[in-house]
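# An overview of the molecular structure
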Amino acid sequence: MTALRSFAMASALAASLLLAATSPSAAAFKVGIWHGDVYMTKEGQFQRCAIVGDYPGETDLGFGLSAQGIFEAYLINKTWTLQPGQTAQVTIKVDDGPEVSGAFQVVSRDTLGTLLQNHPELVKALKAGNVATISGFFGTLNFPLTGTTKAFGQLEECVREVTAGLQEGRKAAEARARVAQIRGEDLFKLQPQAFAWRVLNDLPADRFTIPTDVEQAMKRWNAALVWRIERGIGLVQSVGGTPSEEALREELVKIKSPSCAGELTSEADLRLMPGADTILPHVELSCSDVGNGGPAYEVLTFYPHASGNLIAVSHISETLEIAQTADATFLNQVAVIAGQP
């Protein structure tokens, strides 16, 4: 038997093993008998990806890979009533390999866990072996290591994807922070997405909300950015050149007519930006039935861009009042930012 100082260095590492105390994400995955998920802290910090095998007995075997790249092992039994913070001696043997003994942490009433950062040979055996024999106060249990090679590979891929996503998120947050400093006429030098981000940054987040599936929403609507409003959405797009309000209305009618099962009406006019002499084209569209028996209303305001093109900001809702209010709120915030020195 190979004796270890411990699998996990006692209480100093207990906080790292709180699998049951963290919240799983919506990014669940499955690899053979293994069910996996991403786990975050209550504050939204990424902790680990973890998998649990679907075994017939009361006790399940699971593995994790932390954000720091450390592999973990878990034993989970819903009938246990353990005392968190305590330890339990556990021995693991894979096939005919050596027995490895050490202390597992009690991380919740029904879960034991340990870190495997000092045992690359054991991790390798768990990935490629046939059966893990695990002994402790619960007796001796045999766990077929069915599909662990792919399951561990998915764990590693899961951590890579989440880490890459977080890095991209941080870069995006830094970019938005820089955009948030833009004011005055520089607002109209921003590309449509950054222009919308800058304005939305100063609007109430509960009324103008960026959806979690924003990338997919942008593709669906062919927009540079999409956000939610009450009973509808907002979006931003680029328009080449500086067509008149009437030309914009006519083009929009051509585009929207095929998707309107009822009567489509439209009107166009010019609006003056509050506190400035900038004149903005404005178009409103109403469809009495969008195919589900209900109406839809779209209100668009077109803002000048330094390139000579226009930035089209559209708000679509089930009622004209909501769409008009969202459009006016966005317009007023544009005027505030543009008027700042």
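The notes below deal with the structure included here. (Residues numbered from 1 in each chain as written. Predicted model: local features only at pLDDT ≥ 70, side-chain atom pairs only at ≥ 80, totals over all residues. Heavy atoms only, no water.)

## Section: helix α3 (residues 192-200)
The condition that has to hold: For the exposure calls, accessible area comes from a 1.4 Å probe over protein chains only, and a residue counts as buried if that area is under 20% of its type's maximum, exposed if over 50%, partly exposed in between. Numbering goes from the N terminus for both helices and strands, where a helix is a DSSP run of H or I of at least four residues and a strand is a run of E of at least two.
Counting buried positions over the 9 residues of α3 gives 7, a clear majority of the element. Among the residues of α3, those classed as buried are P192, A194, F195, A196, R198, V199 and L200.

## Topic: unusual backbone geometry
Residues other than glycine seldom take positive phi values, yet D95 does so here, at roughly 55°. Its location among the elements puts D95 in the loop between β8 (87-94) and β9 (100-108). The partly exposed category is assigned to D95, whose relative accessible area is 31%. The backbone of N222 sits at a positive phi, close to 50°, despite the residue not being glycine. In this structure, N222 sits in the loop between α4 (214-221) and β13 (225-229). When its relative accessible area of 62% is taken as the criterion, N222 is described as exposed.

## Some points on the state of the cysteines
Going by this rule: The definition used for a disulfide is geometric: two cysteine sulfur atoms within 2.5 Å.
The final tally for this structure, using the stated rule, is 2 disulfides. Bridging C49 to C158, the disulfide has an S-S length of 2.0 Å. As the torsion about the S-S bond is roughly -70°, the C49-C158 disulfide counts as left-handed. Taken together, the residues C49 in strand β5 (residues 46-53) and C158 in helix α2 (residues 148-179) connect sequence positions 109 residues apart. Note that C260 is cross-linked by a disulfide to C287, the S-S spacing being 2.0 Å. On the sign convention where negative is left-handed, the bridge of C260 and C287, at about 100° about the S-S bond, is right-handed. Of the two residues, C260 is situated in the loop between α5 (245-256) and β15 (264-272) and C287 in strand β16 (residues 279-287); the sequence distance between them amounts to 27 residues. One exposure class covers both C260 and C287, and it is buried.

## Description of the sheet that holds strand β17 (residues 296-304)
Test applied: Only strands that DSSP links by at least two bridges are regarded as paired with each other. Axis definition: a line fit to C-alpha positions, over the contact stretch in the case of helices; interaxial angles, taken between N-to-C directions, run 0 to 180 degrees. Here, residues are in contact when the closest pair of their heavy atoms is within 4.5 Å.
Taken together, 6 strands build an open sheet; the order of strands is β13-β14-β18-β17-β16-β15 and the sheet is antiparallel. Among the strands making up the open sheet, the edge pair consists of β13 and β15. Across this sheet, the average inter-strand angle for adjacent strands is 20°, counted without regard to direction. Bridging between β16 and β17 involves 6 bridges; their strand directions are antiparallel. Paired with L285 across the strands is E298, a residue of β17. Here α3 sits on the sheet and contacts β13, β14 (232-239), β17 and β18 (310-317); the angle it forms with β13, its principal contact strand, is near 30°. Contacts from α4 reach β13, β14 and β18, with the element oriented near 105° to β13.

## Quick word on the nonpolar core
For clarity, the threshold we go by: For our purposes a nonpolar core is just a set of buried Ala, Val, Leu, Ile, Met, Phe, Trp, Tyr and Cys residues, chained together by side-chain atoms within 4.5 Å.
Counting 40 residues, the largest nonpolar core has C49, L61, F63, L75, L112, L126 and I134 as its most contacted members. The element best represented in this core is α2, accounting for 6 residues. The residues contacting L75, other than those within four sequence positions of it, are T59, D60, L61, W80, F104, D110, T111, L112, I134, F138 and F143. Formed by 36 residues, the second largest nonpolar core is a distinct cluster that contains V179, A194, A196 and V214.

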